[in-house]
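# Architecture and fold: a report
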Amino acid sequence: VYVADGGNNNRICKIGADGTFTVFADLTPSGNNAAGLGELIEGPGGNLYTGEWAKAVEIFTNGSFQTLAGTGQNGPGGWGVSVSVALDSATNLYAATQDNVWLITTDDSVSLFAGGSSQYSDGSLLQAGFFSLTGEAIDSSNNIYLGDTVRIRKISPSGRVSTVAGTGVAGYADGPGYAAQFN
């Protein structure tokens, strides 16, 4: 089990099967911000992937790490928001920033995958709009699911963005996707 030990520690810790707690990666020396770390995703070969403030990071099995995308800063070239990540079955990484989804391929190239507008809209990848992405997951069919404020959005493998749940109004209501409410 891996956990982000944020605050002033800025490290990733490992809890072994015997309960032993050890520092796996110390992110402090490069100015990384573990306090803003998102979920930790284990990829093939045991490397971990995470999003943090304004960047996506790969942590190798020896505890060293590299920034895959983002500068960790606001302003030109920086994403300036918390980042969440997910891996598809081909180990491509998808990094969700506020209103865009970025594709980081296995050769570390980075490109805009979906988004382009900060207003809700369904449609093709680069015509769809996201308002405030807060998390993501990818299922076994490579559908990408994204929390988008008070909606759950889906990007299909064919490149179509749709809203699968949420009315666009904050609240609490169970029901079919079009009637469900989140806050």
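The written sequence of each chain sets the order in which its residues are numbered from 1. Per-residue local features are limited, in this predicted model, to residues with pLDDT of at least 70; the limit for side-chain atom pairs, both in listing and counting, is 80 or more; totals at the level of whole chains, interfaces and linings are taken over all residues. To get the side-chain values, take all heavy atoms of the structure and skip hydrogens and water.

## Things to note about the overall build of the protein chain
Strands here mean DSSP runs of E at least two residues long; helices mean DSSP runs of H or I at least four residues long; both are numbered from the N terminus. The helix and strand inventory of the protein chain stands at 0 helices and 16 strands. Burial classes: relative accessible area under 20% of the type maximum marks a residue as buried, over 50% as exposed, and values in between as partly exposed (1.4 Å probe, protein chains only). Looking at the protein chain as a whole, 43% of its 183 residues qualify as buried. Every residue pair with non-hydrogen atoms within 4.5 Å of one another is taken to be in contact. Pairs at least 24 residues apart make up 30% of the contacts formed inside the protein chain by residues separated by at least 6 positions. Per-residue and other accessible areas were derived by the Shrake-Rupley procedure at a 1.4 Å probe size, with only the shown protein chains allowed to occlude residues. For the protein chain, the computed accessible surface area is about 8800 Å², with 49% contributed by carbon and sulfur atoms.

## Thoughts on the nonpolar core
Val101, Phe113, Phe130, Leu146 and Ile155 are the most contacted members of the largest nonpolar core, which has 16 residues in total. Mapped onto this core, the elements with two or more residues apiece are β9 (93-96), β10 (100-104), β11 (110-115), β13 (133-138) and β14 (144-148). Dropping the residues within four chain positions of it, Ile155 is found in contact with Val101, Phe113, Ala114, Leu125, Phe130, Asn142, Asn143, Ile144, Leu146, Arg160 and Val161. Note on terminology: a nonpolar core comprises buried Ala, Val, Leu, Ile, Met, Phe, Trp, Tyr and Cys residues joined through side-chain atoms within 4.5 Å. Ala54, Ala56, Trp79 and Ala95 belong to the second-largest nonpolar core, a separate cluster that totals 14 residues.

## Some points on the sheet that holds strand β1 (residues 2-5)
Pairing is antiparallel across the open sheet formed by 3 strands, whose spatial order is β1-β2-β3. Single-partner strands in this sheet number two, and they are β1 and β3 (21-26). Direction aside, neighbouring strands of the sheet carry axes that sit 35° apart on average. The sheet contact formed by strand β2 (residues 11-15) and β3 spans 5 bridges and is antiparallel. Bridging across to β3, Ile12 finds its partner in Ala25. DSSP-based pairing: two strands are paired if at least 2 bridges between them are found. Helix axes use the C-alpha atoms of the stretch in contact, all axes being lines fitted to C-alpha atoms, and the angles between their N-to-C directions lie in the range 0 to 180 degrees.

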